[in-house]
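Geometric and topological summary
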Amino acid sequence: MHKYVLGTFGFFKSFLQFLKIIIVFFILLHLLFWIENLTGNEMGFLNFFRPVLASFVDAGGVFSNNSLDFFGAKFEFKYFIALLLYLILYLVDHCLYKLLNFVQEVYISGYTEVKKIEEKAFNEQLAKTQTNEQARLRRYNIYVSTSVKPKFNNRGINVDLDEQNKIMNKFLIEKLGISPTKYEGGFLYSFGNFATIDSVLEVFFKLLHSTAPIDYIICVQVLGNDLVKENEQLRELIDLKFINKISTCSDTAYRYGFNAIQKFETSQIGLFQKSGDTFEVHEFRELD
């Protein structure tokens, strides 16, 4: 519809421009017609246009049929008035063209404002829809596994990893009130309210800051409708073995952006490929 309206404006503007050319053409013909009348020498090429030219002269005669002898030539006022009529038509055409330009600019401005309002309303509705969709993603898992710090192995210091895991899980269970399940050589903690994940992340960051002789692999994965895909993403994170980071995939980082309170920030670690597919990996980081 918008293109049709613009096309209509373009058509009428072109028509008015063409009409200007016609009026200027007839002004030139009128001057020749007037010369013909003054000299009495007929110009044959004017015959085709003579009816129009004569009608304008007749219209001028309505206002005045007076004449003036000038160096033996009869100067009739109706020819001059007819010329004024042509000029008036040209002025009217020009004003209509300007008016049409103004109306087009008003239309385009109005259309642009309406589109902005519609786009804003659409974006707001889209944002609301996305917020509602993301708010429904409440469940999430956090995987944690441990390994002895290389410096202890290098020094030949014996670290009982099973004992360290017991100490770690005891700390986590006391702080989180949730018991883990064994998963992929580590432990899986499951939660039901992603909106409060900050308090959970605070606990896991305390692990990273501990003086225990072990390193940690910590991975976070939000759970939605495609549990197969989400479990695969969690396994991919585990396989990447980001030591002493709280890593996550882009869908979880995106979901975190919809939390009303965000005590941490997410940043991209990098892009990785597996089986021909590319996926983003992010990490939770403490704010400075």
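Here we summarise the structure given alongside this text. Treat the numbers as computed from the prediction; the structure is a model and nothing was measured. Numbering of residues starts from 1 in every chain and runs along the sequence as written. Only residues with pLDDT of at least 70 are given local features in this predicted model, and only at 80 or more are side-chain atom pairs given and counted; all residues enter the totals for whole chains, interfaces and linings. Side-chain numbers come from the whole structure's heavy atoms, not from hydrogens or water.

A closer look at the pattern of salt bridges
Basically, it comes down to this: Salt bridge, as applied in this entry: a Lys or Arg side-chain nitrogen positioned within 4 Å of an Asp or Glu carboxyl oxygen. In this text, helices come from DSSP runs of H or I with a minimum length of four residues, and strands from runs of E with a minimum of two, each type numbered from the N-terminal end. Any residue under 20% of the maximum accessible area for its type is buried, any over 50% is exposed, and the rest in between are partly exposed; the area is computed with a 1.4 Å probe on protein chains only.
Counting across every chain of the model gives 10 salt bridges. In this structure, the salt-bridge partner of Lys170 is Glu174, at a minimum N-O distance of 2.7 Å. Taken together, the positions of Lys170 and Glu174, both in helix α5 (residues 161-176) and 4 residues apart, correspond to about one turn of that helix. For the residue pair Lys170 and Glu174, the accessibility class agrees, reading exposed in each case. The partner of Glu232 in a salt bridge is Lys274, and the shortest N-O contact between them spans 3.7 Å. Taken together, the residues span a long stretch of sequence, with Glu232 in helix α7 (residues 227-240) and Lys274 in strand β8 (residues 264-274) at a distance of 42 residues.

Topic: the pairing of strand β7 (residues 246-249)
Inclusion rule: Call a crossover right-handed when, viewed with both strands pointing away from you, the route from the first strand across the helix to the second goes clockwise. Strands are treated as partners if at least two bridges between them are detected by DSSP.
Side-chain alternation along β7 places Ile246 and Thr248 on one buried face and Ser247 and Cys249 on a second face that is also buried. With respect to chirality, the unit in which strand β6 (residues 214-222) leads through α7 into the neighbouring parallel β7 is left-handed. Where β7 and strand β9 (residues 277-286) come together, 4 bridges link them in antiparallel fashion. Counterpart to Ser247 in the pairing with β9 is Glu283.

Some points on the sheet that holds β9
The cut-off we apply is this: Each axis is a line fitted through C-alpha atoms, taken for helices only over the stretch in contact, and angles between the N-to-C directions span 0 to 180 degrees. When checking whether two residues touch, look at their non-hydrogen atoms; a contact exists if any pair is within 4.5 Å.
Spatially, 7 strands are ordered β4-β5-β3-β6-β7-β9-β8 in an open sheet, and the strand pairing comes out mixed. For this open sheet the edge positions go to β4 (181-183) and β8, each flanked by a neighbour on one side alone. Strand after strand, the sheet turns through a mean of 30° between neighbouring axes, direction not considered. When β4 meets strand β5 (residues 186-191), the two strands line up antiparallel, connected through 3 bridges. Following the sheet pairing, Thr181 is matched in β5 by Leu188. Across the sheet, helix α6 (residues 197-208) lies against β3 (140-148), β5, β6, β7, β8 and β9, angled at about 165° from β6, the strand it touches most.

Section: the environment of Lys78
The residue Lys78 is located in helix α3 (residues 77-135) in this model. Residue class for Lys78 comes out buried when judged on its relative accessible area of 18%. Lys78 sits 58 residues away from Arg136 along the chain, and the two C-alpha atoms are 85 Å apart. If we ignore the near neighbours within four places in the chain, the residues touching Lys78 are Val57, Gly60, Gly61, Ser64 and Asn65.

Side note on the layout of surface pockets
The condition is simple: Whether a set of points on the 1 Å grid over the protein atoms alone is a cavity depends on a 1.4 Å probe fitting there but being unable to get out, while an open set qualifies as a pocket with protein on both sides within 12 Å along at least five of seven lines; lining residues are those with an atom within 4 Å of a point. Grid points are joined across faces, edges and corners, and a volume is the space filled by probe spheres set on the points. Lys, Arg, Asp and Glu make up the charged group, whereas Ala, Val, Leu, Ile, Met, Phe, Trp, Tyr, Cys and Pro make up the nonpolar group; the residues left over, Gly among them, are polar.
For the largest pocket, the calculated volume is near 170 Å³. Every residue along the wall of the largest pocket is listed here: Lys229, Glu232, Gln233, Glu236, Lys274, Ser275, Asp277, Thr278 and Phe279. For the lining of the largest pocket, the element with the highest residue contribution is α7, accounting for 4 residues. Residue composition of the lining of the largest pocket, grouped by class: 1 nonpolar, 3 polar and 5 charged.

A few points about the pairing of β6
Burial of β6 is extensive: 9 of the 9 residues sit out of reach of the surface. Neither face of β6 is open: one carries Ile214, Tyr216, Ile218, Val220 and Val222, the other Asp215, Ile217, Cys219 and Gln221, and all of them are buried. Of the strand pairs in this sheet, β3 and β6 are connected by 9 bridges, and their pairing is antiparallel. Bridge pairing links Thr146 to Tyr216 in β6. Both β6 and β7 contribute to a ladder of 3 bridges, which runs parallel. What sits directly across from Val220, in β7, is Thr248.

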